[in-house]
Amino acid sequence: MTKKRVKIAVAALAVALLASLCACSVVVDGTDVTDYTGVQYTTYEFFNTNTTVSCYLPAKDADRLRSLWDGEIREKLSEISSLLSQDGENSDVRAFNAAEEGATLRIDAVTYEVLTLAKQAYSDTDGAFNPALALSVDLWGFSTRFNKSDYSPSKPYDRENFRSELPDESYVNAFLSLADFSGTEIYAEGDGYYIKKSSDVAEVDGVVYTQQLDLSGIGKGYAADAIAEILRENGFAFGYVDIGSSSMSLMKNARKEAGAELGEWTVSVLSPTESGKYYFKSYVKDSSLSTSGSYQQFYEIGGRRYSHIIDPFTGEPYQSDVLTASVFGESAALCDAYSTAFCVLGSEKAVALAGKLEGYTYTVAVSTDQGFDVLSNAKGKRV
Ligand code: AMP
Ligand code: MG
């Protein structure tokens, strides 16, 4: 864990926390924030990535934020990330994945809430966001086990060189047949929450497979929402939460930034083609955003890019014209799910879908022969 007094920069998706410190008084939405100071905490303990909480506050509240970070916030992050992880001891996802077809399992309220949002995103995106693709994600070499330095083939479908050798088509089809998320039931009964696994099975080379879940396309967004809620409940209204530099929940900014309105953050979105550069500058206040794209995790074989986002209609890494998509709106969890779906859908369908998502805006980089074009209805501009 690191703690930094923020005088100037915060890197994130990226948020340019340009502190134009001036002697004049600054009042944002009725609060005088002239004397507020910046405090930032970062940890790499959860979701295999960074979690950053950055706040502006009166100096007298700094200790209170510190206790919140050390206590409630870290506990919440730990709870969410372990319940949703593929292999955590008390993971609901792990228990689901290990259960027999048709089994009913009791799950935590947090898992139920994430699954409810996942069901909504599945329905809103006509199935493009689909958390039942875990086996396909694993088949193509994008589960967390592949990031470990001691990876060695252990499943019947594993390849020694999983980034240069394609999987067998019989597995692609079998795992696709298990990805019907409408066959997964979730419900609340009495004081408990439950999930009933689809009764589908698929057999390849004498081995029987059942449906598996992967909630990493929505979990970080959900966690950003949850932590921002803790901050707000405790009276911290100036700052933001960044998880993995891909999902953010932003409150108000206490510093006036050039080009942005008072209270807004300037959030820059990474270019899908130029490493370390940004292609879009957005202005966000009291809202969230998430970004997905084929440039985040991928390998190339025979000139084709294989990325970590799976097209639920083919069972293969998606191949649309969307290089990267960012979605802005109230729920970071839904922004997270929608941005993944936008990649799968391609620009035409994504823009059509966006028209139906009330309260959500987007920025999409669409591949062209020259590089990419930008389609956007979000507050901001191409840079
Ligand atoms: P994100 O980085 O938010 O776009 O989420 C991508 C991650 O979600 C991948 O690494 C997979 O673990 C999982 N995933 C892949 N394809 C999909 C999909 N079509 N719908 C939901 N989750 C997916
Ligand atoms: Mg996502």
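Okay, so let's go over this structure. What you see is a predicted model, and the numbers here were worked out from it, not measured in a lab. (Residues numbered from 1 in each chain as written. Chains lettered and ligands numbered in written order. Predicted model: local features only at pLDDT ≥ 70, side-chain atom pairs only at ≥ 80, totals over all residues. Heavy atoms only, no water.)

With that settled, the discussion passes to the nonpolar core. Judged by nonpolar contacts, the single largest core of 74 residues is most densely connected at Ile218, Leu231 and Phe342. Of the residues forming this core, the biggest block, 11 residues, is contributed by helix α7 (residues 332-345). If we skip the residues at most four places from it in the chain, Leu231 touches Val53, Cys55, Leu65, Leu68, Ile73, Phe236, Val241 and Met251. Core analysis: the next-biggest nonpolar cluster, separate from the first, contains 20 residues, Leu178, Ala202, Val204 and Ile310 among them. (Core = buried A, V, L, I, M, F, W, Y, C linked by side-chain atoms within 4.5 Å. Buried < 20%, exposed > 50% of the residue type's maximum accessible area, 1.4 Å probe, protein only. Helix = DSSP H or I, 4+ residues; strand = E, 2+ residues; numbered from the N terminus. Contact = heavy atoms within 4.5 Å.)

This part is about the state of the cysteines. Applying the stated criterion across every chain, the model contains 0 disulfides. Cys343 supplies the cysteine sulfur nearest to Cys335, a cysteine that is in no disulfide, at a spacing of 13 Å. By relative accessible area, Cys343 is classed as buried at 0%. (Disulfide = S-S within 2.5 Å.)

Right, let's talk about the site of ligand 1 for a bit. The full set close to ligand 1 counts 15 residues, and Asn130, Asp214, Ser292, Ile310 and Thr340 are the nearest of them. Here an oxygen atom of ligand 1 and a side-chain polar atom of His308 are 3.3 Å apart. Note that an oxygen atom of ligand 1 is positioned 2.9 Å from one of the side-chain N or O atoms of Asp336. Alone, ligand 1 offers 500 Å² of accessible surface; in the complex the protein occludes 94% of this. Residue contributions to the shell around ligand 1 peak at 3 residues, all from α7. For the shell around ligand 1, the class distribution of residues is 7 nonpolar, 6 polar and 2 charged. (Near = heavy atom within 4 Å. Polar contact = N/O pair within 3.5 Å; in protein donor to acceptor, adjacent residues only side chain to side chain. Areas by Shrake-Rupley, 256 points an atom, 1.4 Å probe, with all protein chains shown as cover. Nonpolar A, V, L, I, M, F, W, Y, C, P; charged D, E, K, R; others polar.)

With that out of the way, let us pick up empty space enclosed by the protein. Gaps left between atoms are located by rolling a probe of water-molecule size over the structure's atoms. Overall, the coordinates contain 1 cavity of 30 Å³ or more when judged by the stated rule. By volume, the largest cavity is sized at about 30 Å³. Residue lining of the largest cavity: Asp92, Val93, Phe96, Ile107, Thr111, Leu115, Ile195, Leu213 and Leu215, and that is the complete set. Put simply, the parts of the chain that give the lining of the largest cavity at least two residues each are α2 (92-98) and α3 (109-124). Ranked by residue count, the leading element in the lining of the largest cavity is α2, at 3 residues. (1 Å grid on protein atoms, 1.4 Å probe; cavity = no way out; pocket = protein on both sides within 12 Å on 5 of 7 lines; lining within 4 Å. Points joined across faces, edges and corners; volume = space filled by probe spheres on them.)

What follows covers the packing of aromatic side chains. Going through the model one piece at a time under the given rule, you end up with 23 aromatic pairs. Centre to centre, the rings of Tyr122 and Phe181 are 5.3 Å apart; their planes meet at 90°, and the pair counts as edge-to-face. Placement of the pair is Tyr122 in helix α3 and Phe181 in the loop between α5 (169-177) and β7 (185-189), with a sequence separation of 59 residues. Exposure remark for Tyr122: the relative accessible area of 18% places this residue in the buried category. Consider the rings of Tyr171 and Phe175, whose centres lie 5.7 Å apart with planes at 55°: the pair is tilted. Here Tyr171 and its partner Phe175 are both found in helix α5, 4 residues apart, which amounts to about one turn of the helix. (Phe/Tyr/Trp six-rings, centres within 6.5 Å; stacked < 30°, edge-to-face > 60°.)

For the rest of this paragraph, the subject is the sheet that holds strand β8 (residues 192-196). Taken in spatial order, the 3 strands line up as β6-β8-β7 in an open sheet, and their pairing is antiparallel. The open sheet has two edge strands, β6 (104-107) and β7, and neither has a second partner. Averaged over all adjacent pairs, the angle separating strand axes in this sheet is 30°, with direction ignored. Strand direction decides the pairing type here: β7 and β8, joined by 5 bridges, are antiparallel. Each bridged residue has a counterpart across the sheet, and for Glu185 the counterpart in β8 is Lys196. Here α3 sits on the sheet and contacts β6, β7 and β8; the angle it forms with β7, its principal contact strand, is near 135°. (Pairing = 2+ DSSP bridges. Axes fitted to C-alpha atoms, helices over the stretch in contact; angles between N-to-C directions.)

Turning to the pattern of salt bridges, a few remarks are in order. In this structure the tally under the stated criterion is 18 salt bridges. Put simply, Arg106 and Asp191 hold a salt bridge, and the shortest N to O gap is 3.6 Å. Linking Arg106 in strand β6 with Asp191 in the loop between β7 and β8, this pair joins segments that are 85 residues apart in sequence. Considered together, Arg106 and Asp191 belong to a single accessibility category, that of exposed residues. The closest approach of N and O atoms between Arg304 and Glu316, which form a salt bridge, is 3.2 Å. (Salt bridge = Lys/Arg side-chain N within 4 Å of Asp/Glu carboxyl O.)

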